[in-house]
Amino acid sequence: MFDYYYKDQISATDAKYEAQKIAFAPLSFHAAKALRDMGILDEICKARKKGITVSELSQKLNISLYGVGVLIEMGLGMGAIKLHKDTDESDLRLTLGKIGFFLMQDTMTQVNMDFSEDICYLGAEDLQESIREGKPAGLKHLGNWKTVYQGLSQLTDQQKKSWFGFDHFYSDLAFPEALPIVFSNPCKRLFDIGGNTAKWAIACCKYNADVKVSIIDLPGQTAVAEKNAKAAGFESRIDTIPCNVLDKTTAFPEGADAVWMSQFLDCFSLEEITSILSKIRTAASPETDVYVLEPLWDKQRFEAAAYSLQATSLYFTCIANGNSKMYRFEELKHAVEIAGFELKEAHHNVGPNSYSLLRFRVK
């Protein structure tokens, strides 16, 4: 793990500054979104080294001097905007800071911000209740469901865009590196548990001409998966098995060469993970490869990525289901092993977002 978790080397002055960032986080978040969405960062970026004044921004964007001014000042405070060396105290001249560049141009940052705004923001207020009750108390702001997964098909278009954009951005980027690993062993029958919109199933069919994939997921998700599989021309090679994996009556079919779970187990508590894997253990043969693709926060290359995953755990707490999180390597590995599996391979840093691909077989 990073030294940051062990050593407290920050000065008292810097620590107090960081504490103020946390204290005002809701306001700075919305200020950053306003700077991005209202075009202020874009105009500053276009001005390049020459810079642009506050009054010029006001005129170009048809926003009052007051409105531009308060946002600019917060942008300076958070480091998203910098003062030009030739700035005039009466009309500040501005250039784009590195933080502002990432707020405006970095896909990961944009995906995280939109997800926080459209899915998490209102429900985050109910975090303490969620922790006390063990239920996603903030989910009521999206709909009247037990878990968010039951209501994904009923979200608004904007909410769907943000939720699926967040979900797919991370795992999908690992697929090109994961496919050769999965198909390094013979695989003609693959079960994709939690297959969502069929992106992995379609990628498998494109990569391997012989494989057939069964997607196992909630009915609302399998309906979407069927449409996407048909649109991709793979309806004869991709089928679906609608079910609730947590239902005690649910039993997984036999006959899989490989079982695939991509960013799926983080949707469940450790006890539920063991329960799901116990069902897979019943259906698996000694030659069945069970693949788990997950972003493990203690296996990240960068602190920013680990921080994002730690924050995502709070989404699970107050929005998604109330009892799951983004796991550490050892705790997830242990939950799978006690269901009767042993780890055969661990590939870390898979894809640009540092996913871990774990291969298990029956013990």
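Calculation criteria
Residues numbered from 1 in each chain as written. Predicted model: local features only at pLDDT ≥ 70, side-chain atom pairs only at ≥ 80, totals over all residues. Heavy atoms only, no water. Phe/Tyr/Trp six-rings, centres within 6.5 Å; stacked < 30°, edge-to-face > 60°. Helix = DSSP H or I, 4+ residues; strand = E, 2+ residues; numbered from the N terminus. Buried < 20%, exposed > 50% of the residue type's maximum accessible area, 1.4 Å probe, protein only. Axes fitted to C-alpha atoms, helices over the stretch in contact; angles between N-to-C directions. Parallel < 35°, antiparallel > 145°, perpendicular 65-115°, else oblique. Left-handed = near helix turned anticlockwise from the far one by under 90°. Contact = heavy atoms within 4.5 Å. Nonpolar A, V, L, I, M, F, W, Y, C, P; charged D, E, K, R; others polar. 1 Å grid on protein atoms, 1.4 Å probe; cavity = no way out; pocket = protein on both sides within 12 Å on 5 of 7 lines; lining within 4 Å. Points joined across faces, edges and corners; volume = space filled by probe spheres on them. Pairing = 2+ DSSP bridges. Patch = residues over 30% accessible without salt bridge, like charges linked within 9 Å, V, L, I, M, F, W, Y side chains within 5 Å. Areas by Shrake-Rupley, 256 points an atom, 1.4 Å probe, with all protein chains shown as cover. Salt bridge = Lys/Arg side-chain N within 4 Å of Asp/Glu carboxyl O.

S.K.: Can you walk me through the packing of aromatic side chains in this structure?
M.R.: To describe a pair of aromatic rings, one takes the distance between the centres and the angle between the planes. Applying the stated criterion across every chain, the model contains 15 aromatic pairs. When the centroid spacing of 5.4 Å and the interplanar angle of 25 degrees are considered together, the rings of F29 and Y121 count as stacked. Taken together, the residues span a long stretch of sequence, with F29 in helix 2 (residues 25-37) and Y121 in the loop between helix 7 (107-120) and helix 8 (127-133) at a distance of 92 residues. The class for Y121 is partly exposed, based on a relative accessible area of 28%. Where F115 meets Y315, the ring centres are 4.9 Å apart and the plane angle is 70 degrees; that geometry is what we call edge-to-face. Pair noted here: F115 is in helix 7 and Y315 is in helix 14 (residues 303-320), with a separation of 200 residues, a long-range link. Judged by relative accessible area, F115 falls into the buried class, the value being 4%.

S.K.: It is not clear to me how the packing of helix 3 (residues 40-47) against helix 4 (residues 54-61) should be interpreted in this structure. Could you clarify?
M.R.: Helix-helix packing is characterised by the crossing angle of the two axes and by the distance between the axes. For the pair helix 3 and helix 4, the least separation of the axes is 11 Å and the interaxial angle reads 120 degrees. Taken together, helix 3 and helix 4 sit at an angle that is classed as oblique. For the crossing formed where helix 3 meets helix 4, the hand is right-handed. For the pair helix 3 and helix 4, contact is made by I40, E43 and I44 and by L57, K60 and L61, respectively. Residue composition of the contact of helix 3 with helix 4, grouped by class: four nonpolar, no polar and two charged.

S.K.: Sorry if this is basic, but what is going on with empty space enclosed by the protein here?
M.R.: Gaps between atoms show up when a probe of the same size as a water molecule is rolled over them. The tally for this structure, following the rule as stated, stands at one cavity of 30 Å³ or more. As a volume, the largest cavity reaches approximately 70 Å³. F191, I193, F252, P253, E254, A256, V259, I280, A283 and A284 are the residues that line the largest cavity. When residues of the lining of the largest cavity are traced back to their parent elements, those giving at least two are strand 4 (189-193) and helix 13 (270-283). Of the residues assigned to the lining of the largest cavity, the class counts are nine nonpolar, no polar and one charged.

S.K.: Please explain the sheet that holds strand 8 (residues 289-294) as it appears in this structure.
M.R.: Strand pairs in the sheet, formed through backbone hydrogen bonds, run parallel or antiparallel to each other. Reading across the sheet, the seven strands line up as 6-5-4-7-8-10-9 and stay open at both edges, with mixed pairing between neighbours. With partners counted over all chains shown, the strands left at the sheet margins are strand 6 (238-242) and strand 9 (341-350), one partner each. Neighbour-to-neighbour, the strand axes of this sheet turn through a mean angle of 20 degrees, independent of strand direction. When strand 5 (residues 212-217) meets strand 6, the two strands line up parallel, connected through five bridges. Residue pairing in the sheet places I216 in a bridge with I241 of strand 6. The sheet contacts of helix 15 (residues 329-337) involve strand 8, strand 9 and strand 10 (355-362), and relative to strand 9 the element is tilted by about 150 degrees.

S.K.: Looking at this model, I keep getting lost on a nonpolar patch on the surface. Mind explaining?
M.R.: On the surface, M1, Y4, Y5 and Y6 cluster together to form a nonpolar patch covering roughly 510 Å² of accessible area. Y5 sits in the partly exposed class, given a relative accessible area of 31%.

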